[in-house]
Amino acid sequence: MPVPLLDLNRQNSQLHAELMAACERVLRSGHFIQGAEVEAFEADCARFLGVKHAVAVSSGTDAILVALMALDIGPGDEVICPSFTFFATAGCVARVGATPVFADVDRRTFNLDATDVARRITPRTKALIPVHLFGQTADMDALLPLARAHRLAVIEDSAQALGARHGQSFAGTLGDCGTYSFFPSKNLGGFGDGGLVATNRDDLAERIRLLRTHGAKPKYYHAVVGGNFRLDALQCALLRVKLPRLPAYCAARQSHAASYHLALGALPGVATGTDCETRPDTRLVLPVASPGRTHIWNQFTLRVPGAGRRDALRQHLAQAGIGTEIYYPLPLHRQQCFAHLPSVSLPVSELLAGEVMSVPVFPELSPSEHQSVVETIAAFLSR
Ligand SMILES: *Cc1c(COP(=O)(O)O)cnc(C)c1O
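Each chain carries its own residue numbering, running from 1 in the written order of its sequence. Per-residue local features of the predicted model are confined to residues with pLDDT of at least 70, and side-chain atom pairs are confined, for both listing and counting, to 80 or more; whole-chain, interface and lining totals are unaffected and use all residues. As a convention, hydrogens and water are excluded, and side-chain values are obtained from all of the structure's heavy atoms.

Caption draft 1: Representation of the overall build of the chain. Under the scheme used here, helices are H or I runs from DSSP no shorter than 4 residues and strands are E runs no shorter than 2 residues, and both carry numbers assigned from the N terminus. On a plain count of helices and strands, the chain comes out with 13 helices and 14 strands. Relative to a compact globule of 383 residues, whose C-alpha radius of gyration would be 21 Å, the chain shows 21 Å and is just as compact. Residue exposure (1.4 Å probe, protein chains only): buried if accessible area is under 20% of the type maximum, exposed if over 50%, otherwise partly exposed. Relative to its 383 residues, the chain shows a buried fraction of 56%. Here the contacts in the chain between residues at least 6 apart in sequence split such that 70% fall between residues at least 24 apart. For every accessible area listed, the method is Shrake-Rupley and the probe measures 1.4 Å; residues are considered covered only by the protein chains on display. Summed over all atoms, the accessible surface of the chain reaches about 16000 Å², with 55% contributed by carbon and sulfur. When charges are counted, Lys and Arg are positive and Asp and Glu negative, with His and the chain ends excluded. To locate a charge, take NZ of a lysine, CZ of an arginine, CG of an aspartate or CD of a glutamate. If the 36 positive side-chain charges of the chain are averaged to one point and the 35 negative ones to another, these points end up 1 Å apart. The size measure is the radius of gyration over C-alpha atoms, and the globule rule it meets is 2.2 Å times the number of residues to the 0.38 power. Contact criterion: two residues are considered in contact whenever any of their non-hydrogen atoms come within 4.5 Å of each other.

Caption draft 2: Seen up close, helix H4 (residues 60-70). Summarising burial for H4: nine of the eleven residues are buried, a large majority. Within H4, the full set of buried residues consists of Gly 60, Asp 62, Ala 63, Ile 64, Leu 65, Val 66, Ala 67, Leu 68 and Ala 70. Under this definition, polar contacts are N or O atom pairs within 3.5 Å; protein pairs additionally need one hydrogen-donor-capable and one acceptor-capable atom, and for neighbouring residues in sequence, both atoms have to be side-chain atoms. The opening residue of H4, the one whose side-chain oxygen lies 3.3 Å from the backbone nitrogen of Thr 61, is Ser 59. Residue Asp 72 follows H4 closely and has a positive phi angle near 65°.

Caption draft 3: The packing of aromatic side chains, seen in detail. Put simply, two rings from Phe, Tyr or Trp (the six-membered ring, in Trp's case) pair if the centres are within 6.5 Å, and we call them stacked under 30 degrees between planes, edge-to-face over 60, tilted for the rest. Inspection of every chain in the model, using the stated rule, returns twelve aromatic pairs. Ring geometry for Phe 84 versus Phe 134: centroids 6.4 Å apart, planes at 80°, classification edge-to-face. Of the two residues, Phe 84 is situated in the loop between strand E2 (78-82) and helix H5 (88-95) and Phe 134 in the loop between strand E4 (125-128) and helix H7 (140-149); the sequence distance between them amounts to 50 residues. The class of Phe 84 is buried, set by a relative accessible area of 1%. The buried category is assigned to Phe 134, whose relative accessible area is 2%. One aromatic cluster is present, built from ring pairs that chain together Phe 84, Phe 86, Phe 110, Phe 134, Tyr 327 and Tyr 328.

Caption draft 4: Layout of the site of the ligand. One heavy atom within 4 Å of a molecule or strand is enough for the residue carrying it to be called near that molecule or strand. Not every one of the 16 residues close to the ligand is listed here, only the nearest: Thr 61, Asp 157, Gln 160, Ser 181 and Lys 186. Within the side chain of Gln 160, a nitrogen or oxygen atom sits 2.7 Å from an oxygen atom of the ligand. Ser 181 places a polar side-chain atom, nitrogen or oxygen, 2.6 Å from an oxygen atom of the ligand. The class makeup of the residues in the shell around the ligand is six nonpolar, eight polar and two charged. In this count, Pro and Cys sit with the nonpolar residues alongside Ala, Val, Leu, Ile, Met, Phe, Trp and Tyr, while Asp, Glu, Lys and Arg are called charged and the others, Gly among them, polar.

Caption draft 5: Main features of the environment of Arg 120. Note that Arg 120 resides in the loop between helix H6 (114-119) and E4. Taking the C-alpha atoms as reference points, Arg 120 and Arg 283, separated by 163 residues in sequence, lie 33 Å from one another. Among all residues touching Arg 120, those that are not within four sequence positions of it are Ile 80, Val 101, Phe 102, Ala 103, Thr 125, Val 344, Ser 345 and Leu 346. A distance of 2.8 Å separates the side chain of Arg 120 from the side chain of Asp 116, its partner in a polar contact.

Caption draft 6: Seen up close, the sheet that holds strand E1 (residues 53-57). A pair of strands is considered paired only if DSSP assigns at least 2 bridges between the two. Ordered in space as E1-E9-E8-E5-E4-E2-E3, the seven strands form an open sheet in which the pairing is mixed. Looking at strand neighbours, the two that pair on one side only are E1 and strand E3 (99-103), the edges of this open sheet. Within this sheet the neighbouring strands show an average axis-to-axis angle of 25°, counted without direction. Two strands pair when backbone bridges link them, and E2 and E3 are joined in this way by five bridges, in the parallel orientation. Its bridge partner lying in E3, Pro 82 is registered against Ala 103. What counts as an axis is a line fitted to C-alpha atoms, over the stretch in contact for a helix, and the angles between N-to-C directions run from 0 to 180 degrees. Contacts from helix H8 (residues 202-212) reach E1, strand E8 (177-181) and strand E9 (195-199), with the element oriented near 20° to E1.

Caption draft 7: Here's a closer look at the packing of helix H2 (residues 16-29) against helix H9 (residues 233-242). Two elements in contact, H2 and H9, have axes separated by 9 Å at closest approach and are oriented at 150°. As the angle between them shows, H2 and H9 are arranged roughly antiparallel. In this structure, H2 crosses over H9, and the sense of that crossing is right-handed. Across the interface between the two elements, Glu 18, Leu 19, Ala 22, Cys 23, Arg 25 and Val 26 from H2 touch Ala 233, Leu 234, Ala 237, Leu 238, Arg 240 and Val 241 from H9. Residues of the contact of H2 with H9, tallied by class, amount to nine nonpolar, no polar and three charged. Should an angle fall under 35 degrees it is taken as roughly parallel, and over 145 as roughly antiparallel, whereas 65 to 115 is taken as roughly perpendicular and any remaining angle as oblique. The hand of a helix crossing depends on one turn: near helix anticlockwise from the far one by less than a right angle means left-handed, and clockwise means right-handed.

Caption draft 8: Fine view of the side chain of Asn 12. With respect to the helices and strands, the residue Asn 12 is situated in helix H1 (residues 8-14). With relative accessibility at 15%, the residue Asn 12 sits in the buried group. Apart from the residues lying within four places of it in its own chain, the contact partners of Asn 12 are Leu 19, Phe 191 and Lys 242.

Caption draft 9: The pattern of salt bridges, seen in detail. Salt bridge, as applied in this entry: a Lys or Arg side-chain nitrogen positioned within 4 Å of an Asp or Glu carboxyl oxygen. Within the structure shown, the criterion is met by 22 salt bridges. Salt-bridge contacts for Arg 10 lead to Asp 7; the nearest nitrogen and oxygen are separated by 2.9 Å. Judged by its relative accessible area of 24%, Arg 10 falls in the partly exposed class. Judged by relative accessible area, which is 22%, Asp 7 ranks as partly exposed. A salt bridge links Glu 206 to Lys 217, with the shortest nitrogen-to-oxygen separation between them at 3.8 Å. Of the two residues, Glu 206 sits in helix H8 while Lys 217 sits in the loop between H8 and H9, which places them eleven residues apart along the sequence. When sorted by exposure, Glu 206 lands in the same class as Lys 217, which is exposed. A single network of salt bridges, built from pairs that share partners, joins Asp 7, Arg 10 and Glu 369.

Structure (structure tokens):
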């Protein structure tokens, strides 16, 4: 049975009437930039996250960019981020003229390795960008004290983790600010590009709001250079329809992940975590949900050890019509655009790039589709 990696229509079609009503409301209002819809969405997000300020912006990328600008990070500054992440995390650091410094990640969680971060701190280090990759928070219990000790700002790239919790707190509410994305494939998927910055710092929120509209205050008077980082009123109205459903979407993903763990975990040669992953007979490693965290499974990412094995499994699944993707095939420290930076060896990031593969885990995945993914993987492992 063919299974798509993601099917947006299944989710959005259930909300068709409400989404159309939101569209209609904005069209009739004639008000498309900032205003009541944007403010209402920001208030909804702040309430959901339990933060003082939520600022809607044009994308998850622009959320990181404007956060760096608001923190006055620029030429001469170093910002530590993982190498195993989506490009935007480090791209924004380079765009403000600062230097991205890549740290390695933990092979079980795919997230920043705090010990490796500590080794890379210099007098020029100004900030840390932990990424909560695939829907689970990074090791904030180690990273936050490290940042505090060295007076580093912390921007949590929570693009894949809106709704994930670290203890009682939501991802993105632990550091100086958290950035989120409403790209359609994220857990709260919008209808185009969109993003958000959350913060409890009054000064940061005020500066981000200023930078969002060219640093203008009042209109046409510019004390600082900002940009156009606004999120459309239409997008906010549509996202307001989906935000209340986010917990249910995350719960559905959690249920699919639990079923994968049960079904795949029972197969010979399948390991979870580190216990037996170095054994020569390990053929598949399942992703781990760390204790004390709420993983929201933006991606369910397998590791397939052995030369060529990952690509062989991908091809096997593709032949059955099952969608997969590699997040991410080339670590950022190896990207051509960063070739001028001092070369570093980040063995875990490099290992993961060669082994990872994400399988369908979207909320509306049906039981028979889920079973088809499991059976197709089982057939590959047994051959
Ligand atoms: C999606 C994503 C972004 C960028 O978000 P956009 O809305 O696509 O600009 C940044 N960081 C991570 C980790 C992401 O997954």
